[in-house]
Amino acid sequence: MTRTMHNPALLLLNDSPRLPLIAALAVRFAAAVTQWERRRRSRINLGYLDDRLLEDVGLTRHQANREVKRYFWIN
């Protein structure tokens with residue numbers, strides 16, 4: 001399974017042709033941690049939205065609460 005990396009610096013490191021195995025694993029781990037943190041922050045902020053804003057993004061309060069309770073490593 002391939003994971004997408006959004007950080008340009010991590011993309012450059014990952015595309016390096018001579019990257020040692022341990023460095024490649026470290027880059028992938030850093031990318032995963034970055035994505036986990038982004039999900040965590042997004043879910044916390046989702047919990048602060050009022051019903052009007054949730055309606056704007058197409059979610060109900062129940063759906064938002066269910067998403068907020070999800071673990072950060074779950075997509």
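It should be noted that the structure appears before, not after, this text.
Throughout, a residue's number is its position along its own chain's written sequence, starting from 1. Selection of residues for local features in this predicted model requires a pLDDT of at least 70, selection of side-chain atom pairs for listing and counting requires 80 or more, and totals for whole chains, interfaces and linings are taken over all residues. Only heavy atoms go into the side-chain values, all of them from the structure, while hydrogens and water stay out.

A closer look at the side chain of Arg 39
The condition is simple: Put simply, DSSP H or I for four residues or longer makes a helix, DSSP E for two residues or longer makes a strand, and each gets a number counted from the N terminus. Per-residue accessibility, obtained with a 1.4 Å probe over protein chains only, is compared with the maximum for each type, and a residue is labelled buried under 20%, exposed over 50%, and partly exposed between these values. His is not counted, nor are the chain ends; Lys and Arg add positive charge and Asp and Glu add negative charge. For this document, the term salt bridge refers to a Lys or Arg side-chain nitrogen within 4 Å of an Asp or Glu carboxyl oxygen. Residues adjacent in sequence count toward polar contacts only when both atoms are side-chain atoms; beyond that, a polar contact is any pair of N or O atoms within 3.5 Å, and within protein one must be able to donate a hydrogen and the other to accept it. By definition in these notes, contact holds between two residues if any of their heavy atoms fall within 4.5 Å.
As for its placement among the helices and strands, Arg 39 is situated in helix α2 (residues 21–48). No salt bridge is formed by the buried Arg 39, whose closest oppositely charged neighbour, Glu 67, lies at an N-O distance of 7.3 Å. Within the structure, Arg 39 has its side chain in polar contact with the backbone oxygen of Trp 73 (distance 3.4 Å). Ignoring anything within four residues of it in the chain, the contact list for Arg 39 reads Phe 72, Trp 73, Ile 74 and Asn 75.

Observations concerning the packing of α2 against helix α4 (residues 61–68)
Packed helices, taken two at a time, are described by the angle between their axes plus the distance between the axes. As a reminder, the rule being used: All axes here are fitted lines through C-alpha atoms, helices being fitted over the stretch that makes contact, and every angle between N-to-C directions spans 0 to 180 degrees. We call a crossing left-handed when the near helix sits turned anticlockwise from the far one by less than a right angle, and right-handed when that turn is clockwise. Each residue is assigned to one of three groups, with Ala, Val, Leu, Ile, Met, Phe, Trp, Tyr, Cys and Pro labelled nonpolar, Asp, Glu, Lys and Arg labelled charged, and all others, Gly among them, labelled polar.
Where α2 meets α4, the closest approach of the two axes is 9 Å, and the angle between their N-to-C directions is 150°. In the packing of α2 onto α4, the handedness of the crossing is left-handed. Facing Arg 43, Leu 46 and Gly 47 of α2, the residues of α4 in contact are Arg 61, Ala 64, Glu 67 and Val 68. Taken together, the residues of the contact of α2 with α4 break down into three nonpolar, one polar and three charged.

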